[in-house]
Amino acid sequence: MRGARHRRLRTQWWPTLLPLGMILASDYKFRSRDVSAAVGGGIDTTVLLEIGVYGLCALYLYRRFGLRAPRRAAPAALILAWLFAAYCALSVLWTPFPPFAAVRASQLLVTAIVCHVIATRARREDLYRLAHVFVGLVVVSVVFGVAVPLKRTPNTQDRFNWLYVHPVTAGMFLGVALLLCLAFLLPNGLPRRFPWPVYAGSAGVTAAALVATGTRGAAVGILAGVAAFLLTARGTRGRVEVIMVGTPILVLLPLLFGDKLLEFATRGETVEQLESLNSRTDLWTFAYQAVMNRPVFGNGMSSARGLFLDALGLGGGHNIFVNVLVEGGLVGGAIFCLLIVVVLTVNLSFTRVREVRVEAALLLGLMTFLVVDGLTADQMAGAANVASIWMFLIVAWTCVITRKPVRHDERHDTRETGVVSPVP
């Protein structure tokens, strides 16, 4: 009996281990690599390991669940996630950088497969476990980054990170972890496995590290994400409380810390750099020309990085919508925007359901954070990175609460035992 229980517990860890394995393989680098080497098709041991991890994830799901036709109609968010992944993969046929694009397309399809299986087979407590482990991973990473600071590039000398994770990417990790911590801290929030000071300490660590990264997009994104979460997580009364407490804070912060906020916003850059958003406006001007050349179907997957690198020496469009339009054209842009709108709309509607309100508010906050952060970073619109994988996880989590919401009495059972009672 005990052996069967242990086997059951081991099999319940796949919704945690698969996405985290892909995130670790994609973003946790032990060496710094020039972006041109990746676009040019250069392969080293780290790249082979990353591809191997994605392959093992796909192989595990095939061996565990096999292939069969769906038994019921998929939610709109899941259909759109598949459409986006499939269209990106199809665009490899006309991209000017086929080797790099083919690898990224394969990884994006594996991410969609993992998303689909989690959406159709995972339970809510599986996703709570994923949230706990992700927060723990980020906190340990911050401690490692403080204890073992590795060599920085000239552009990141004064910005915090760990290993060779870029500060922009580190800001995405920290923003997601901070929102998860707040969801565990909120009264009647996600079920806790540890005393509340553990979550409060984790939130403090991730918030301080996010500021230390100097990533302005993540900072603005987390403000928008936290606002979206807090304004919807506790209903009308909660919104009134947030407005009453938040308004004085927003007024006092510039008065008390105006110099530090200005220093964080400018980051020692010149007026010319600030006016061009650190050369982003140059990228977007070139992106407009690239879109006009192929407006309907785009230039193909991963073309944004290669085209911008060849023309301006910078990889990527530093904006999710710019990247999608350059690579996928109006068709890809429409699918991507519709996916975001559907996920936001569905979760906003679920914030009116008491039993899943906090989770829907969390997903609303996470998507808001990724989109706002994506206005100055392009990872969410790509493949094989923490932002892209979390976008698919948000889709999967949305499908899980849509598929099987629980009653209020079952929510109480979850807090006591960590297991959701089956719905008859």
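Above this text sits the structure in question.
All figures in this text were calculated on a predicted structure; none of them were measured in a lab. (Residues numbered from 1 in each chain as written. Predicted model: local features only at pLDDT ≥ 70, side-chain atom pairs only at ≥ 80, totals over all residues. Heavy atoms only, no water.)

Q: Any chance you could explain the overall build of the protein chain here in plain terms?
A: For the protein chain, the count of helices and strands is 18 helices and zero strands. Within the protein chain, buried positions represent 48% of all 424 residues. Residue pairs at least 24 apart in sequence account for 76% of intrachain contacts in the protein chain once pairs closer than 6 positions are excluded. With an accessible surface of roughly 20,300 Å², the protein chain has 66% of that area assigned to carbon and sulfur atoms. (Helix = DSSP H or I, 4+ residues; strand = E, 2+ residues; numbered from the N terminus. Buried < 20%, exposed > 50% of the residue type's maximum accessible area, 1.4 Å probe, protein only. Contact = heavy atoms within 4.5 Å. Areas by Shrake-Rupley, 256 points an atom, 1.4 Å probe, with all protein chains shown as cover.)

Q: What is the right way to look at the nonpolar core in this model?
A: Most often, soluble globular proteins have nonpolar side chains that are buried together. The biggest cluster of nonpolar side chains holds 110 residues, and the ones touching the most others in it are F134, W162, M380 and W390. With 14 residues, helix α17 (residues 386–403) is the single largest residue contributor to this core. Non-local contacts of F134, meaning those with residues more than four positions away in its chain, are made with L20, I23, F173, V176, A177, L180, V386 and W390. Membership of the second largest hydrophobic core comes to eight residues, among which are A290, A304, V322 and V326. (Core = buried A, V, L, I, M, F, W, Y, C linked by side-chain atoms within 4.5 Å.)

Q: Just to check I follow, could you spell out the packing of aromatic side chains for this structure?
A: When we look at a pair of aromatic rings, we describe it by the centre distance and by the angle of the planes. Counted by the stated rule, this structure contains 13 aromatic pairs. Where F134 meets F173, the ring centres are 5.9 Å apart and the plane angle is 5°; that geometry is what we call stacked. Separated by 39 residues along the polypeptide, F134 in helix α7 (residues 124–147) and F173 in helix α8 (residues 167–185) bring together distant segments of the chain. Measuring from centroid to centroid gives 6.0 Å for W162 and F173, while their planes differ by 75°, and the two rings are edge-to-face. Pair noted here: W162 is in the loop between α7 and α8 and F173 is in helix α8, with a separation of 11 residues, a long-range link. Linked through ring pairs, Y28, F134, F160, W162, F173 and W390 together constitute an aromatic cluster. Lying over the aromatic face of W13, R129 brings its terminal NZ or CZ to 5.2 Å of the ring centre. (Phe/Tyr/Trp six-rings, centres within 6.5 Å; stacked < 30°, edge-to-face > 60°. Lys NZ or Arg CZ within 6 Å of the ring centre and 35° of its normal.)

Q: Any chance you could explain helix α4 (residues 45–65) here in plain terms?
A: Residues three or four positions apart in an α-helix share a direction because the helix packs 3.6 residues into each turn. In a regular helix each residue adds 1.5 Å, so 21 residues correspond to 30 Å; α4 covers 30 Å between its end C-alpha atoms and thus fits that length. V47, E50, V53, Y54, C57 and L61 are the residues of α4 that are buried. Buried residues of α4, viewed axially, fall in a sector of 130°; they line one side. In α4, the exposed positions angled more than 90 degrees off the buried face are occupied by T45, L48, L49, L56 and R63. If you follow the buried residues of α4, they end up packed against α2 (14–27), α6 (98–121) and α17. (Expected span 1.5 Å × (residues − 1). Arc of directions from axis to C-beta.)

Q: Any chance you could explain the state of the cysteines here in plain terms?
A: By definition, a disulfide links the sulfur atoms of two cysteines through a covalent bond. Scanning all chains against the criterion turns up zero disulfides. As a non-bridged cysteine, C399 has C115 as the owner of its nearest cysteine sulfur, 6.4 Å distant. (Disulfide = S-S within 2.5 Å.)

Q: Where do I start with a positive patch on the surface in this structure?
A: On the surface, a cluster of positive charge is contributed by R64, R68, R71, R72, R121 and R403. On the secondary structure map, R68 appears in the loop between α4 and α5 (76–90). (Patch = residues over 30% accessible without salt bridge, like charges linked within 9 Å, V, L, I, M, F, W, Y side chains within 5 Å. Salt bridge = Lys/Arg side-chain N within 4 Å of Asp/Glu carboxyl O. Lys, Arg positive; Asp, Glu negative; His and termini not counted. Charge placed at Lys NZ, Arg CZ, Asp CG, Glu CD.)

Q: Would you mind going over the environment of L179 with me for this structure?
A: Following the sequence through the fold, L179 ends up in helix α8. L179 gets classed as buried once you look at its relative accessible area, which sits at 0%. L179 sits 190 residues away from F369 along the chain, and the two C-alpha atoms are 9.1 Å apart. Excluding residues that lie within four positions of it along the chain, L179 makes contacts with I222, G225, V226, F229, L362, G365, L366 and F369.

Q: Quick question: what am I supposed to make of empty space enclosed by the protein here?
A: One way to see where empty space is left: roll a probe the size of a water molecule over the atoms. In the structure shown here, the tally under the stated rule is one cavity of 30 Å³ or more. Taken together, F84, Y87, C88, S91, M301, N323, V324, E327, G328, G332 and A381 make up the lining of the largest cavity. Take the lining of the largest cavity: its biggest share by element is five residues, from helix α15 (residues 320–350). Here the residues of the lining of the largest cavity sort into six nonpolar, four polar and one charged. (1 Å grid on protein atoms, 1.4 Å probe; cavity = no way out; pocket = protein on both sides within 12 Å on 5 of 7 lines; lining within 4 Å. Points joined across faces, edges and corners; volume = space filled by probe spheres on them. Nonpolar A, V, L, I, M, F, W, Y, C, P; charged D, E, K, R; others polar.)

Q: Sorry, what's going on with the environment of R159 here?
A: With respect to the element layout, R159 can be found in the loop between α7 and α8. Residue R159 is classed as buried on the basis of its relative accessible area, which comes to 11%. Put simply, R159 and T213 are 54 residues apart on the chain and 4.6 Å apart in space, counted from C-alpha to C-alpha. From its side chain, R159 meets the backbone oxygen of T213 in a polar contact 2.7 Å long. Side chain to side chain, R159 and T215 meet in a polar contact 3.2 Å long. (Polar contact = N/O pair within 3.5 Å; in protein donor to acceptor, adjacent residues only side chain to side chain.)

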